[in-house]
Amino acid sequence: MINAIYLLGKPIISNRLFKACVTLVYFLQVCPLSNTGIVSPLDKSDMILRTAFFLLSPHTPDKSSDKRSTSPAKSFEMYDYSKDRYNNHQSPVTAESHYFHLNSDSEELLKYFETPMEFGTKNFTLVTAQIGSTAHIPCQIHHIGECVVSWIRRKDYHLLTVGLTTYSSDDRYSATHLQNSEDWTLQIKFVQDRDAGLYECQVSTHPPTSLFMELKVVEPKAEIVGPRVKYLTPDSTLKLVCRIVQATEAAAFIFWYHNNRMINYDLHRGINVSTEADFLFSELTINQASTEHSGNYTCVPSYSHPASVVVHIFNGDNPAAMYHEDRNSSEAFHKICKWFLYFEVIILYVLLRTNARASVSQMFL
């Protein structure tokens, strides 16, 4: 490299100084290309040194080594003094002819930073989460550049996060973002009813640009198919089906209770419980029910409201007749309560009229 420099005349002190300067520039500027230079941590502050080395050293463009340039060949005009006009030459002058490889920015990188920021998530997207779960509210941003992402709770304009820093005293809120990813997700742990509403994903452009997301909070609950009161005869089959509705994620378990006893594993009592792998459906079966199987049956899933039914198993009686008798007795009881309420209203009216007359008579005495 040093021997390639064309020295003028005999070796004199000025030529030696010139060679020393070029050597210094070489170690300061060429070595950073292989990450061994003294100024390797510098980025663009060494542009002057790189340009000086490029001008001081013999340079022959190497077209085959520059694979970054994709500019098409273009014709150029040259002034012809004999004809006093510009001539359009057909020989192309491409970007390789102006080769400058020393860490110069590529056109693709410039185009990336010049592309305007845009959201990849639709505005007012609905996100549903159940109580007690973890909600993930997405915000995908293309060409964010040097901008900063903030999350704001719209109902009280409370600033939740800026970048990856949480500014809320509620530590359930946090922002998640992977390096080189375009996703900026707001995470809410242990979701509650009060967390429902609009959330704003704001990017610090000029002026700021925002995207609004809606969080809907649902409460899963268990449902047992059929009426809440069942009547059976002895040795008949009791089948109870429990399903979980309004659930956004699988339950951790589903337990069955007979009165106050958990019966999921009471095979010796003839009780069989089968539950799906996602814990959203469970079935309880007793092939030969007896009077000891009467009572309250409750389906209890994790993080959900339970559901109950009452099972009556009568020995030698007609369940349908008992059902109608219970219904008639309940209707008679409601009628008695209705007449008793009317009687109380009449007594209260008479007392008020009596008190009113007594007050009027005292005024005129």
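Basis of the calculations
- Residue numbering note: each chain is counted from 1, following its sequence as written.
- Where totals are concerned, whole chains, interfaces and linings use all residues; where local detail is concerned, this predicted model gives features only for residues with pLDDT of at least 70, and gives and counts side-chain atom pairs only at 80 or more.
- The side-chain figures draw on all heavy atoms in the structure; neither hydrogens nor water molecules are used.
- By convention in this document, the label disulfide applies to cysteine sulfur atom pairs within 2.5 Å.
- Think of it this way: any DSSP run of H or I at least four residues long counts as a helix, any run of E at least two long counts as a strand, and we number them from the N terminus.
- Each residue gets one of three labels from its accessible area relative to the maximum for its type: buried under 20%, exposed over 50%, partly exposed in between, using a 1.4 Å probe on protein chains only.

According to the stated counting rule, one finds two disulfides in the structure shown. Paired through a disulfide, Cys139 and Cys201 show a sulfur-sulfur distance of 2.1 Å. The disulfide joining Cys139 to Cys201 has a torsion of about -80° about its S-S bond and is therefore left-handed. With a gap of 62 residues between them, Cys139 in the loop between strand E5 (135–137) and strand E6 (141–142) and Cys201 in strand E12 (residues 197–203) connect regions that are remote in the sequence. For Cys139, a relative accessible area of 1% gives the class buried. Judged by its relative accessible area of 0%, Cys201 is buried. Across the disulfide from Cys242 sits Cys299; the S-S distance is 2.0 Å. Taking the sign of the torsion about the S-S bond as the criterion, the disulfide between Cys242 and Cys299, at about -80°, is left-handed. With Cys242 in strand E16 (residues 238–245) and Cys299 in strand E21 (residues 295–301), this pair connects stretches of sequence that are 57 residues apart. Classification of Cys242 as buried rests on a relative accessible area of 0%. Looking at Cys299, the relative accessible area reads 0%, which means it is buried. Counting only the cysteines that take part in disulfides, in the order they occur along the protein, gives the pairing 1-2, 3-4.

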